[in-house]
2 protein chains.
Amino acid sequence: MKAAYYHGNTTIRIGEAQIRTPRPDEVRIDVACCGICGTDLHIFSGHMDKRVSIPHIMGHEMSGVVADVGSNVENWQAGDRVVVRPLDPCGNCPACRAGHCHICQNLKFLGIDTPGAFQNSWTVPAHTLHKLPDEVALDLGALVEPLAVACHDVRLGQVKPEEYVVIIGGGPIGMLIALVAREAGARVLVSEVNPSRIEFARKLGIDVVNPTEIDLPAYVEKQTDGAGADVVFEVSGSAAGASVMTQLPRTRGRIIVVGIFSETPKVDLFRFFWRELKLCGARVYEPQDFEKAIEIAASGELPLDRLITARYPLADFQKALEPRLLKRGRDEQMKSGSDVMKILINMEGD
Amino acid sequence: MKAAYYHGNTTIRIGEAQIRTPRPDEVRIDVACCGICGTDLHIFSGHMDKRVSIPHIMGHEMSGVVADVGSNVENWQAGDRVVVRPLDPCGNCPACRAGHCHICQNLKFLGIDTPGAFQNSWTVPAHTLHKLPDEVALDLGALVEPLAVACHDVRLGQVKPEEYVVIIGGGPIGMLIALVAREAGARVLVSEVNPSRIEFARKLGIDVVNPTEIDLPAYVEKQTDGAGADVVFEVSGSAAGASVMTQLPRTRGRIIVVGIFSETPKVDLFRFFWRELKLCGARVYEPQDFEKAIEIAASGELPLDRLITARYPLADFQKALEPRLLKRGRDEQMKSGSDVMKILINMEGD
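What counts, and at which threshold
Residues numbered from 1 in each chain as written. Chains lettered and ligands numbered in written order. Predicted model: local features only at pLDDT ≥ 70, side-chain atom pairs only at ≥ 80, totals over all residues. Heavy atoms only, no water. Patch = residues over 30% accessible without salt bridge, like charges linked within 9 Å, V, L, I, M, F, W, Y side chains within 5 Å. Areas by Shrake-Rupley, 256 points an atom, 1.4 Å probe, with all protein chains shown as cover. Salt bridge = Lys/Arg side-chain N within 4 Å of Asp/Glu carboxyl O. Helix = DSSP H or I, 4+ residues; strand = E, 2+ residues; numbered from the N terminus. Contact = heavy atoms within 4.5 Å. Buried area = accessible area lost by both parts, 1.4 Å probe. Polar contact = N/O pair within 3.5 Å; in protein donor to acceptor, adjacent residues only side chain to side chain. Nonpolar A, V, L, I, M, F, W, Y, C, P; charged D, E, K, R; others polar. Pairing = 2+ DSSP bridges. Buried < 20%, exposed > 50% of the residue type's maximum accessible area, 1.4 Å probe, protein only.

Undergrad: Would you mind showing me how to read a nonpolar patch on the surface here?
TA: Among the surface-exposed residues, A:Phe270, A:Trp274 and B:Ile260 lie close enough to one another that they form a single nonpolar patch of about 270 Å² accessible area. Of note, B:Ile260 is situated in the loop between β14 (249-257) and α9 (269-275).

Here it is in structure tokens:
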């Protein structure tokens, strides 16, 4: 079988890989589709060379069909359509003991800390599997993982019907949060600076503004009769996002930090005191978020297919990645990802 | 009757004042005791000249006895021992309509935005009164207001028995939070840099460390078997406090921001994401916090009397304030307040 190997220095080579027979508690999956995540782009761009073992097989936003099961596995059998929740916690650390296994202090993330799904056949712990119902096509199944991120974020944000929700950053995760929050009955506003993404949000019927062109806090205040937003999702990971996020919520409003901050920003803690704001970090997902994401995908009510910008065969993996290389500096990064939401690699052929 | 007037430029003069007859919904109180709050020191030091009307009567940490009631007042009568919750909300703004009257968007704080309690007789809205039981001496009654702040903070922190709680900053509010959290069954650690305050905490039997002398995150990790603190109260309002506060909590641990940040600090939002930390701003108090503070004071279980550093007659008000003048720069500020917890002014005489 074939796999895509990251060899460092923005180089991917497609090569032969060995099928790995499942150990007693593992399952082997024939991978159908795998999406390219922002984390994969960071690996490809060389930002995570210290964490990954080169050559490395990336990939975790996948769908597939069970091909083989280990001797202890009772709940899965060959032919089952599945997605993988790519988290392998230690089970023994204080976080695991407190019931927060998804943010285990020794967490292995499949596809980062172990070989990932950009190979025809992927062998993983059986506890990571979720069943994909027949009504979800395998290509859409590859969107379940990022959709589960959005479900986790919206759940931790305790978004309720009629609430006013602002999402700072309209990339794939921001857009999925907007769709899930809207599905939950909220009024949704996306704040985004990139014209392509603004246009994309508009086409999905999402209210969207450019905070470099309008006064975002004044806009939100007006939309909420002077109260402010109920929930703000910070998905940009930018200093500008960290600055404006505190200006938007109502008294006791909630801020959910989803974006990954590579630099420590200034945050208006006085505003937290003054309005008794709440902030909550949100990382990956828990099993119920995967179930919710699968339920939403099966319902057909979200335009998930419109988030798929392009599809490539495995042979063209390098071609799919190259235009998205993460350059230094945020402006370049935003440009490079501007016209892309989600790219899928078809893993069924060679 | 007499009042202490702030005339600007660190000058207090004791002068004559008019007794104000209560309007229909007001009550007039003969003030017994009034404590000096950090906010009073800010006013005295000239930091709030734009907000107060000079000459200004400060003071809101008080106890007293009802002397006269307005025509609509049914629940209070002359002779009632009382404390005042010094908040006068508008009732109409989005915060009030959402049930958050204590942080009303047009809040009048009695003693800052209106004349305060450093006068022999104080006339206030009847809705601000709480009954002071006979078992609470009037001088301790003047501690109910700061104690209510601590009760509010501990309530918003959802502190539970056996939880490990770190308080960053051991001034009067930090110390009261430590006492209230300990009373709630928590294990408590105070982090404080000032030797006098460290000594004071030790005398109260509170575990206390100097973060400039030890590795505070390592200490907390060790005390909690590698997990981290359940709740962290940031009471210092300092950049150092804002920096270390994110290093202390366990996964999904809570940070309560109580300190007033005059400058916007850097905050490690990545850590919020990584450990799914929560942060909550906490400001003043709600009616139930005053009731809880009165209940605690009446129980006699906290060593509240030991927080009273000194008592002065009204005539010596300037003398009581001068050593505590807030100089520019945090180091000077800490020195000036280092050996003082709470100073009370006896308002019963002239």
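Undergrad: Hey, could you run me through the interface of chain A and chain B in this one?
TA: Where interface size is quoted, it is often the accessible area lost as the parts come together. Taken residue by residue, the interface counts 42 residues in chain A and 42 residues in chain B. Between chain A and chain B, the buried area comes to about 3600 Å², and carbon and sulfur atoms account for 62% of it. When the buried surface of chain A facing chain B is broken down by residue, A:Leu269, A:Phe273 and A:Arg283 rank first, second and third, together holding 19% of it. Our enumeration of links across chain A and chain B arrives at two salt bridges. With its nearest N and O atoms 2.9 Å apart, the salt bridge here joins B:Glu286 to A:Arg252. Where chain A touches chain B, the interface holds 19 residue pairs in polar contact (both at pLDDT 80 or more). Of all the elements in the fold, those that place two or more residues in the side of chain A that touches chain B are α2 (94-97), α4 (144-156), β14 (249-257), α9 (269-275) and β15 (278-281) of chain A. For the side of chain A that touches chain B, the element with the highest residue contribution is α9(A), accounting for six residues. Here the residues of the side of chain A that touches chain B sort into 22 nonpolar, nine polar and eleven charged. In the sheet, β15(A) pairs with strand β15 (residues 278-281) of chain B via three bridges, with the strands oriented antiparallel. The residue of β15(B) that forms the bridge with A:Leu279 is B:Leu279.

Undergrad: Got a minute to help me understand the pattern of salt bridges in this structure?
TA: Under the definition given, this model contains 30 salt bridges over all chains. Ionic pairing is found between A:Asp316 and A:Lys319, a salt bridge with its closest N-O pair at 3.9 Å. For A:Asp316, a relative accessible area of 25% gives the class partly exposed. In this structure, B:Glu286 engages B:Arg155 in a salt bridge whose closest nitrogen and oxygen atoms are separated by 2.7 Å. Linking B:Glu286 in the loop between β15 and α10 (287-299) with B:Arg155 in helix α4 (residues 144-156), this pair joins segments that are 131 residues apart in sequence. On the basis of relative accessible area, B:Arg155 is assigned to the partly exposed category, the value being 32%.

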